[in-house]
Amino acid sequence: MSYLLKCIECGAEFPQGEGRTECDCGGLLDVVHDLSPLAALRELFDRRLRSWEPGNPIFQSGVWRFRELVLPVEETHILSRPEGNTPLYRSRRLSQWTGVEDLILKHEGENPTGSFKDRGMTVGVTHARLSGAKAVACASTGNTAASLAAYAALAGLPAIVFVPQGKVALGKLAQALAYGAITLEVKGDFDSAMALVRKSSRELGLYLLNSVNPFRIEGQKTIVFELVQQLSWEPPDWIVFPAGNLGNTGAFGKALAELAELGLIGRLPRLAAVQAQGANPFFRSFLAGFSRRERVEANTIATAIRIGDPVSYPRAVRALKLTDGLVVEVSDQEIMDAKAQVDAAGIGCEPASAAAVAGTRKLARQGIINRGEQVVAILTGNLLKDPQTTLAYHQGKLEGIKSTYANRPRAIEPTLEAVKEVL
Ligand SMILES: *Cc1c(COP(=O)(O)O)cnc(C)c1O
Ligand SMILES: [Zn+2]
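Reading the values: the criteria
- Residues numbered from 1 in each chain as written.
- Chains lettered and ligands numbered in written order.
- Predicted model: local features only at pLDDT ≥ 70, side-chain atom pairs only at ≥ 80, totals over all residues.
- Heavy atoms only, no water.
- Helix = DSSP H or I, 4+ residues; strand = E, 2+ residues; numbered from the N terminus.
- Rg over C-alpha atoms; globule rule 2.2 N^0.38 Å.
- Buried < 20%, exposed > 50% of the residue type's maximum accessible area, 1.4 Å probe, protein only.
- Contact = heavy atoms within 4.5 Å.
- Areas by Shrake-Rupley, 256 points an atom, 1.4 Å probe, with all protein chains shown as cover.
- Domains from an automatic or database assignment.
- Buried area = accessible area lost by both parts, 1.4 Å probe.
- Salt bridge = Lys/Arg side-chain N within 4 Å of Asp/Glu carboxyl O.
- Polar contact = N/O pair within 3.5 Å; in protein donor to acceptor, adjacent residues only side chain to side chain.
- Pairing = 2+ DSSP bridges.
- Right-handed = clockwise from strand over helix to strand, strands pointing away.

### So, the overall build of the protein
Here is step 1 of the chain: A tally of regular secondary structure across the protein gives 16 helices and 13 strands.
Here is step 2 of the chain: Taking 423 residues into account, the globule formula puts the C-alpha radius of gyration at 22 Å, and the protein, at 21 Å, falls close to it.
Here is step 3 of the chain: Here the C-alpha coordinates of the protein stretch approximately 70 × 50 × 45 Å along the principal axes.
Here is step 4 of the chain: The buried share of the protein, reckoned over its 423 residues, is 61%.
Here is step 5 of the chain: In the protein, 69% of the contacts between residues at least 6 apart in sequence involve partners at least 24 apart.
Here is step 6 of the chain: In the form shown here, the protein has an accessible surface area of approximately 16,800 Å², with 50% of it arising from carbon and sulfur atoms.

As structure tokens, then:
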């Protein structure tokens, strides 16, 4: 089993085992697997899923179960919590609200640190340690920092995280500090933190764990692998998900390309990437037929996708072209109302994740998602990540946002009379 690294821009190839995460030309790298000797993979993956061997990450992790298509390393080198194995939910309420009868939610917020970032991080940190990294680093809107901090602790490596000061949801910042990362609050936005960490990692020899890192992409592919496996290898018609730095968009496209090449699926679902209106560079590029790469100054309540200059743009364009995909934008109002619906269904998610559900509703209303089509919406992060925004919505205290589905707390006197009055 082997792989090599290949530059998306200039085509340069690098052998397995190099510690690099970017090409010398600055281009993004792809992990290219040698898929030819792989037979009977479906049986192998299904067997691992059925037989949980205690303590073995290849059996317990929804990432490493697919090791042959992720990172072929020896079991003893794998750093795993374990991650993945996230549930599929159906909800009458959400089917009605979105107008999509056959709606399935895959909850990536139920990963060990509360977001899908764990799937990429288990692979990235495993590779970092294998290649002899002395310290790992990332820029983050919060979840990447939380995840990196946790996996670095598992690896016994120091972690340095760069976050935009004052723009990180409470739960995520608390996690980064608690898991022991050196936390640098950069006076600027995410995009400036990203530029700074890239420069710092080149100059200071830090191993970079943003989604420019090709091994993170390999881990995030398993959202699609696992999802298709859960659907008995019958892909849905649509996969709808929030898009910020576009790592997932690229990863989903690569996952589908590989599944198709291996004959594990017979057709490709369409990808629908959802952006917030105030952070919509990819939507703008989509409208221009991907003839140019757009950058914006990003602003949205959904801090996880508050990104104006997404680094995985070339991967994401490739993914949408492959799958006849599209990009849709939704307002912060639509995001928060969708979140209130997901939360009230008893499922719950953070604001960015709700963009997937808001986008699903919009596409159904526009008649782009057809009646009878099966849609899987990816919930990327946990409800508990951003308690402040949730509380403010239900208390009617979000600036510029109507609390359409508010469930207000009610203060009462400590008497039975007062309880009766409320009920
Ligand atoms: C990171 C993140 C996103 C954005 O994913 P990209 O791969 O950067 O497009 C969306 N939602 C949540 C909760 C995230 O943490
Ligand atoms: Zn290159």
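### Here we look at the domain arrangement of the protein
A common way to report how large an interface is uses the accessible area buried once the components associate.
Here is step 1 of the chain: The domains assigned to the protein are domain 1 (1–34) and domain 2 (88–112 + 216–394).
Here is step 2 of the chain: The interface of domain 1 with domain 2 comprises seven residues on the first partner and nine residues on the second.
Here is step 3 of the chain: Summed over both sides, the interface of domain 1 with domain 2 buries roughly 600 Å², with 51% coming from carbon and sulfur.
Here is step 4 of the chain: Looking only at domain 1, the three residues that lose the most surface to domain 2 are Leu28, Asp30 and Val31, adding up to 59% of its buried area.
Here is step 5 of the chain: Taken together, domain 1 and domain 2 are joined by one salt bridge.
Here is step 6 of the chain: Between domain 1 and domain 2 we count four residue pairs in polar contact (both at pLDDT 80 or more) in total.

### Some points on the pairing of strand β10 (residues 238–242)
Here is step 1 of the chain: Summarising burial for β10: five of the five residues are buried, a large majority.
Here is step 2 of the chain: Alternating positions in β10 separate into two faces, Trp238, Val240 and Pro242 on one and Ile239 and Phe241 on the other, with burial throughout.
Here is step 3 of the chain: Where β10 and strand β11 (residues 270–276) come together, five bridges link them in parallel fashion. Among the inter-strand pairings, Trp238 is bridged to a residue of β11, identified as Arg270.
Here is step 4 of the chain: The parallel pair β10 and β11 is bridged by helix α10 (residues 247–261), and the resulting crossover is right-handed.
Here is step 5 of the chain: One ladder, built from three bridges, connects β10 with strand β13 (residues 375–379); its direction is parallel. Looking across to β13, one finds that Trp238 is bridged to Val375.

### A few points about the pattern of salt bridges
Here is step 1 of the chain: A full pass over the atoms with the stated rule returns 26 salt bridges.
Here is step 2 of the chain: With a shortest N-O distance of 2.8 Å, Glu226 and Arg119 are connected by a salt bridge. Residue Glu226 is found in helix α9 (residues 222–230), and its partner Arg119 is found in helix α4 (residues 117–130); the two are separated by 107 residues along the sequence. As far as burial versus exposure is concerned, Glu226 and Arg119 are alike and both buried.
Here is step 3 of the chain: The network of salt bridges with shared partners includes Arg65, Lys106, Glu108, Arg119 and Glu226.

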